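# Report on the structure
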Amino acid sequence: MTTLLLIEDDPKIAATIVQSLQTQTWNVNHVITGEAGFFEAQQHTFDLIILDLMLPVKDGYEILAALRKQGNQTPVLILSAKCELDDRVRGLDIGADGYLAKPFSFVELHACIRALTRRGAIQEPSHLSAGNLQLDRLTRSVTRAGEKITLTKLEFDLLYYFLQHQGEVIPRYLLAKEVWHQTQRSTPLDNVIDVHMSRLRKRLVTKKDNNKLIHTIRGVGYMLSTTAP
């Protein structure tokens with residue numbers, strides 16, 4: 001079932017939106033502040049985030065920027081009464097996947113949601129594996145030979161990226177860009193990346209299977225492979 005996160009502070013508008021979305025048999029989680037929405041997005045997996053811009057304390061732009069900085073790539077649809085061209089361009093530049101101006105028709109809203117969730121599903125497969133290692137993106141669970149492995153959010157994102165590119169040599173600069181989402185830094189993230197990769201490598205070694213999955217390619221980066229490179 002499609003699961004949506006609605007971040008909207010107006011209770012009447014939110015109630016109407018939730019009621020409309022539920023007619024499509026979508027599961028909707030509603031919060032009224034950007035801070036609560038940011039927390040929910042970090043703790044749970046959603047197919048789409050529907051984000052109002054004019055929120056108390058921190059506006060939608062700030063929340064969207066924070067999500068993207070943290071590496072959260074859940075599709076985001078902005079719903080806002082701010083409909084000037086500059087507003088739309090700013091939202092899309094920060095990382096929104098769609099922008100719908102209020103007032104809007106629910107037919108159009110439903111169509112946008114269907115399009116964005118289809119796009120997300122195509123870009124991000126839910127299940128990935130390498131040998132007896134299994135990863136489920138929807139439940140954010142990882143097992144190896146049936147044994148559960150507990151990972152931090154960053155470690156999970158790292159593993160997911162490597163599973164998408166298993167057998168490929170991934171240089172550190174690419175990890176900094178694709179996982180840490182850092183493209184402009186005065187100093188490289190090499191040491192930070194090496195520490196996290198070392199921790200991830202150790203976590204993937206279990207009592208049932210201690211064969212190494214992540215290999216260091218000296219002078220280049222890392223590779224995830226069930227066989228030694």
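Since this is a predicted model, take the numbers as computed values, not measurements.

### Thoughts on the overall build of the chain
Within the chain one finds eight helices and twelve strands. For the chain, the C-alpha atoms occupy an extent of roughly 55 × 40 × 25 Å along the three principal directions. Within the chain, counting contacts between residues at least 6 apart in sequence, those at least 24 apart form 57% of the total. Roughly 12,200 Å² of accessible area belongs to the chain as shown, and the carbon and sulfur atoms make up 51% of that amount. The chain carries 27 positive and 25 negative side-chain charges, and their two centres are separated by 9 Å.

### Quick word on the domain arrangement of the chain
What the domain assignment reports for the chain is domain 1 (3–117) and domain 2 (127–224). Summarising the inter-unit geometry, the C-alpha centres of domain 1 and domain 2 are found 30 Å apart. Taken together, the contact between domain 1 and domain 2 spans eight residues of the former and seven residues of the latter. Interface area, domain 1 with domain 2, both sides summed: about 580 Å², of which 45% is carbon and sulfur. Counting every contact that joins domain 1 to domain 2 gives zero salt bridges. At the junction of domain 1 and domain 2, the tally comes to zero residue pairs in polar contact (both at pLDDT 80 or more). Residues that form the side of domain 1 that touches domain 2 fall into these classes: no nonpolar, six polar and two charged.

### Regarding the packing of helix H3 (residues 60–69) against helix H4 (residues 85–94)
As a packed pair, H3 and H4 sit with axes 9 Å apart at the nearest point and diverge in direction by 20 degrees. Classed by the angle they form, the pair H3 and H4 counts as roughly parallel. By crossing handedness, the relation of H3 to H4 is classed as left-handed. Contacts from Tyr61, Leu64, Ala65 and Arg68 of H3 reach H4 at Asp87, Arg90, Gly91 and Ile94. Across the contact of H3 with H4, the residue classes tally to four nonpolar, one polar and three charged.

### Some words on helix H1 (residues 11–22)
A rise of 1.5 Å per residue sets the reference length of H1, with its twelve residues, at 16 Å; its end C-alpha atoms lie 16 Å apart and thus fit the reference within 8%. By the burial criterion, the buried members of H1 are Ala14, Ile17, Val18, Ser20 and Leu21. Along the long axis of H1, the arc covered by the buried residues comes to 165 degrees, so they all point the same way. Among the exposed residues of H1, those pointing more than 90 degrees away from its buried face are Pro11, Lys12 and Gln19. Measuring from the backbone nitrogen of lysine 12 back to the side-chain oxygen at the start of H1 gives 3.0 Å, which picks out aspartate 10 as the cap.

### Describing the sheet that holds strand S1 (residues 3–7)
Across the sheet, five strands lie side by side as S2-S1-S3-S4-S5; this open sheet has parallel pairing. Only two strands of the sheet have a single neighbouring strand rather than two, namely strand S2 (27–31) and strand S5 (98–101). Averaged over all neighbouring strand pairs, the angle between strand axes comes to 20 degrees, with direction disregarded. Its contacts with the sheet place H1 against S1, S2, strand S3 (48–52) and strand S4 (76–80), and it is angled at close to 170 degrees to S2. Set on the sheet, H3 makes contact with S3, S4 and S5; between it and S3 the angle comes to about 150 degrees.

The rules behind the values
Residues numbered from 1 in each chain as written. Predicted model: local features only at pLDDT ≥ 70, side-chain atom pairs only at ≥ 80, totals over all residues. Heavy atoms only, no water. Helix = DSSP H or I, 4+ residues; strand = E, 2+ residues; numbered from the N terminus. Contact = heavy atoms within 4.5 Å. Areas by Shrake-Rupley, 256 points an atom, 1.4 Å probe, with all protein chains shown as cover. Lys, Arg positive; Asp, Glu negative; His and termini not counted. Charge placed at Lys NZ, Arg CZ, Asp CG, Glu CD. Domains from an automatic or database assignment. Buried area = accessible area lost by both parts, 1.4 Å probe. Salt bridge = Lys/Arg side-chain N within 4 Å of Asp/Glu carboxyl O. Polar contact = N/O pair within 3.5 Å; in protein donor to acceptor, adjacent residues only side chain to side chain. Nonpolar A, V, L, I, M, F, W, Y, C, P; charged D, E, K, R; others polar. Axes fitted to C-alpha atoms, helices over the stretch in contact; angles between N-to-C directions. Parallel < 35°, antiparallel > 145°, perpendicular 65-115°, else oblique. Left-handed = near helix turned anticlockwise from the far one by under 90°. Expected span 1.5 Å × (residues − 1). Buried < 20%, exposed > 50% of the residue type's maximum accessible area, 1.4 Å probe, protein only. Arc of directions from axis to C-beta. Pairing = 2+ DSSP bridges.

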